[in-house]
Each structure stands twice: as C-alpha cells, then as structure tokens.
Amino acid sequence: MLPIYHIIFSIIIALIIFSINPSLLFILLFLTGAIFIDIDHYFLYIIKKKDFNFFKAYKYFRHQLRKEKLRKFEKPKKLLFIFHTIEFFIFLLILAFFLSFFWPFLLGCLFHETIDLINDSFKQNRKYIKAYSLIFYIIKN
C-alpha cells in the first residue's frame with residue numbers, strides 16, 4: 001500500500017482516538033508508529049540498490065507495486081521488512097510493559113500492519129511475499 005493511504009487512514013483513526021483521548025503526545029506517537037514503520041522499505045532499498053536517495057527508493061517501490069503480477073511459472077520472492085515482523089511487535093510489546101509511552105507507538109504499528117494485511121489479502125498472484133517472521137525467513141532462505 002502506498003504511504004499516502006497509510007497517512008490518510010492513520011489520520012482518520014488518530015482523529016477518532018483524539019475525540020476519546022485528547023492527548024497530543026498519544027496521537028503523535030500513534031501516527032509515528034502508523035506511518036514511519038515503512039522506513040524498513042527504505043532500508044531494503046539501500047541494501048538492494050546501494051543507494052541512499054529516498055526519492056528514488058519511493059519511485060522504486062511505487063514501480064514495484066505497478067508491476068506486481070507474476071508471470072506464468074515464476075516463483076514469488078520473499079522480502080523481509082524488519083519492522084513488519086512478529087518479532088518486532090513482540091519487542092515493542094515488551095518495551096511497552098516497561099515504558100508506557102510505547103503503547104501508542106505499538107498501536108500505530110499494529111494499525112499499519114492490519115491495513116497492510118487487509119490490502120495484501122485482496123492481492124493474488126503477487127511477485128513478492130512479505131516474510132512476517134524473522135526466524136522463519138532465516139530458516140526458509
């Protein structure tokens with residue numbers, strides 16, 4: 001899903017949360033988690049292309065979304081987006097138990113992942129598959 005959709009959906013949910021809990025810090029941490037979790041795409045671009053240009057990375061992934069369909073007999077590639085793994089969420093959960101300001105950040109990340117999963121469930125015959133666990137990614141590769 002393109003970042004603009006994450007931003008729009010996250011702002012809508014943040015406004016709803018703000019009407020219930022008018023804490024600006026809570027909302028800022030929620031939005032940070034919901035939007036900036038995708039920085040791992042940029043990290044993957046840096047590793048893959050050896051280029052630090054953020055705008056080229058954005059164009060690269062936007063182009064990848066357009067040509068996402070598999071050709072016949074092509075095997076989908078597994079990609080690891082480190083901040084989209086179960087281990088990262090467990091790490092945030094542990095942090096949240098010790099440092100309460102991680103709760104809204106965790107909620108934002110979980111919201112982001114939820115809309116990613118909903119979006120991904122509508123796509124079939126995709127060129128890549130997200131690895132949702134660092135451990136299974138390492139074992140399978």
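Just above, that's the structure.
Here is a short report on the structure shown in this document. Computed from a prediction, not measured in an experiment: that's the story for all the values here. All residue numbers here refer to positions counted from 1 along the written sequence of the relevant chain. Selection of residues for local features in this predicted model requires a pLDDT of at least 70, selection of side-chain atom pairs for listing and counting requires 80 or more, and totals for whole chains, interfaces and linings are taken over all residues. In computing side-chain values, all of the structure's heavy atoms are included and hydrogens and water are not.

## Side note on the packing of helix 2 (residues 24-36) against helix 6 (residues 102-121)
Logical step 1: Packing of helix 2 against helix 6 leaves a shortest axis separation of 6 Å and a crossing angle of 40°. The orientation of helix 2 with respect to helix 6, classified from their angle, is oblique. Crossing angle aside, the handedness with which helix 2 passes helix 6 is right-handed. The segment helix 2 lies against helix 6, with Phe26, Leu29, Phe30, Thr32, Gly33 and Ala34 engaging Pro104, Phe105, Leu107, Gly108, Cys109, Phe111 and His112. Helix axes use the C-alpha atoms of the stretch in contact, all axes being lines fitted to C-alpha atoms, and the angles between their N-to-C directions lie in the range 0 to 180 degrees. Comment: elements are numbered from the N terminus, with helices defined as DSSP H or I runs of at least four residues and strands as E runs of at least two. Oblique is the label for any angle not covered by the other classes, which are roughly parallel (under 35 degrees), roughly antiparallel (over 145) and roughly perpendicular (65 to 115). By convention, the crossing between two helices is left-handed when the near helix turns anticlockwise from the far helix through less than a right angle, and right-handed when the turn is clockwise. In what follows, residue pairs with any heavy atoms lying within 4.5 Å of each other are defined as contacts.

## A word on a nonpolar patch on the surface
Logical step 1: To count toward a patch, a residue needs a relative accessible area above 30% and no salt bridge. Like charges then connect within 9 Å, nonpolar side chains (Val, Leu, Ile, Met, Phe, Trp, Tyr) within 5 Å. Computed by Shrake-Rupley with a 1.4 Å probe, the accessible areas treat only the displayed protein chains as cover when residues are assessed. Any Lys or Arg side-chain nitrogen found within 4 Å of a carboxyl oxygen on Asp or Glu counts as a salt bridge. Taken together, the side chains of Ile86, Ile90, Leu93, Ile94, Phe97, Phe98, Leu99, Phe101 and Trp103 make up a nonpolar region of the molecular surface, amounting to roughly 910 Å² of accessible area.
Logical step 2: Among the elements that make up the nonpolar patch, the one with the highest residue count is helix 5 (residues 86-98) (six residues).
Logical step 3: With respect to the helices and strands, Ile94 occurs in helix 5.
Logical step 4: Burial classes: relative accessible area under 20% of the type maximum marks a residue as buried, over 50% as exposed, and values in between as partly exposed (1.4 Å probe, protein chains only). On the accessibility criterion, Ile94 (47% relative accessible area) is partly exposed.

## Examining the environment of Leu95
Logical step 1: Mapped onto the elements, Leu95 comes out in helix 5.
Logical step 2: You can call Leu95 partly exposed: its relative accessible area is 21%.
Logical step 3: Expressed as a C-alpha distance, the spacing of Leu95 and Leu106, which sit 11 residues apart in the sequence, is 9.4 Å.

## Focus: the packing of aromatic side chains
Logical step 1: In this scheme Phe, Tyr and Trp rings, the latter by its six-membered ring, pair at centre separations within 6.5 Å, and the angle between planes marks the pair as stacked below 30 degrees, edge-to-face above 60, and tilted otherwise. Summed over the entire model, instances satisfying the criterion amount to 13 aromatic pairs.
Logical step 2: For the ring pair Phe30 and Phe111, a centre distance of 6.0 Å and an interplane angle of 40° mean the geometry is tilted. Here the residue Phe30 occupies a position in helix 2, and Phe111 occupies one in helix 6, the gap between them amounting to 81 residues.
Logical step 3: With relative accessibility at 3%, the residue Phe30 sits in the buried group.
Logical step 4: By relative accessible area, which is 18% here, Phe111 ends up buried.

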